[in-house]
Amino acid sequence: MRLCRFRESRLGLVEGDRFRDVTAALDSLPAFRYPFPRHDALIANLDRVTERVRSIAGAEAPAALSSVKLQSPVANPDKIIGAPVNYPKHRDEAPDAQIHAGNALAAIHRVGLFLKASSAVAGPSDGIALRHLDRRSDHEVELAVIIGKTATSVPEARAMDVVAAYTIGLDITLRGPEERSFRKSSDTYAVVGPWLVTADEIPDPNNLRLTLSVNGEVRQDSSTNRMIMSVRELIAYASRFYTLHPGDIIMTGTPEGVSPLSPGDVISATIESIGSMEVLVRAAE
Ligand code: MN
């Protein structure tokens, strides 16, 4: 099933280039009281919601997806986990001093994963608000894994059981000497969308073509089968260090072809079996 969040947190069932408004299915979410849970309520209750969506969708008339503003399909991720240099060819281009500013480059197995602020999350309709226009900021297209269960120290053999869904992630990155998480955590620097695709529709997340173009020119074109650390390994590895919560997003790393962004650019990102999204780049106010 493909679910989008649109306008003011309405829920849509995506069917091709159309959708049905199934916001009523959110009635199946439990009522929360303070303190709110450390997870995304929609993702934590996805089975219940999708069952309700199936029962009500037929009564709703389809409308064009192009007529609505899409938000991140995960409203409240507890954390966004990033994988540094997880594709061999991106690792090979990374020693470019302009790209990594002298940061020590080490294998992902040695340096581990990083976190982006959850306040960086944006949907395709929010666009990217670039800061520090005097410095280089790059696009990184990545398969984004949405965690569906609370999980800690998950063995690789069971890692795929904790995946709820997949979507496209843009890990926007300011280049420079500061800590990675600091440079990757500005508002809108974690674009997620255009919708989530439940895990049952993607039996092998490590065999998907992913592409990104800027103003119609292809910059990144690779396959998730080239990841150094697979989706399964990333989940097991992350969960050995901290508990994963429903709605946590793992951005699984970017292939080669990263390049600088400028205000006015139009990014088009596509991942096989998920879909495509267009994202506009502007200067932050
Ligand atoms: Mn990245």
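This structure is a prediction, so every number in the text was calculated from the model and none was measured.

A. Spotlight on the side chain of Glu140. Inspection of the secondary structure assignment puts Glu140 in the loop between strand 10 (137-138) and strand 11 (141-147). A polar side-chain atom of Glu140 sits 3.5 Å from a polar atom in the side chain of Thr173. At a separation of 3.3 Å, a polar atom in the side chain of Glu140 contacts the side chain of Lys184. Setting aside anything within four residues of it in sequence, one finds Glu140 in contact with His90, Gly169, Leu170, Asp171, Thr173, Arg175, Lys184, Gln220, Thr254 and Val258.

B. Local environment of the sheet that holds strand 19 (residues 275-283). The sheet built from 5 strands is open, its strands ordered 9-19-18-15-16 with mixed pairing. Since the sheet does not close on itself, it has two edges, and those belong to strand 9 (128-130) and strand 16 (217-223), each with one partner. Sheet twist, expressed as the average angle between the axes of neighbouring strands with direction ignored, equals 20 degrees. Bridging between strand 18 (residues 266-271) and strand 19 involves 6 bridges; their strand directions are antiparallel. Paired with Ala269 across the strands is Met277, a residue of strand 19.

C. Spatial organisation of the coordination of the manganese ion. Around the manganese ion, the protein contributes the donor atoms Glu140 (OE), Glu142 (OE) and Asp171 (OD), at 2.0 to 2.1 Å from the metal centre. Positions of the donor residues of the manganese ion, expressed as sequence spacing, correspond to E-x1-E-x28-D. Highlighted residues: Glu142 in strand 11 and Asp171 in strand 12 (residues 163-171), separated in sequence by 29 residues. You'll find Glu142 and Asp171 in the same group, each marked buried.

D. Seen up close, helix 7 (residues 231-239). Burial analysis of helix 7 places 7 of its 9 residues in the buried class, the great majority of the element. Considered for burial, the residues of helix 7 that qualify are Val231, Leu234, Ile235, Ala236, Tyr237, Ala238 and Ser239. Tucked inside the fold, the buried residues of helix 7 contact strand 6 (80-82), helix 5 (108-111), strand 11, strand 12 and strand 17 (249-251).

About the thresholds
Residues numbered from 1 in each chain as written. Predicted model: local features only at pLDDT ≥ 70, side-chain atom pairs only at ≥ 80, totals over all residues. Heavy atoms only, no water. Helix = DSSP H or I, 4+ residues; strand = E, 2+ residues; numbered from the N terminus. Polar contact = N/O pair within 3.5 Å; in protein donor to acceptor, adjacent residues only side chain to side chain. Contact = heavy atoms within 4.5 Å. Pairing = 2+ DSSP bridges. Axes fitted to C-alpha atoms, helices over the stretch in contact; angles between N-to-C directions. Donors = N, O, S within 2.8 Å, 3.2 Å for Na, K, Ca; no water. Buried < 20%, exposed > 50% of the residue type's maximum accessible area, 1.4 Å probe, protein only.

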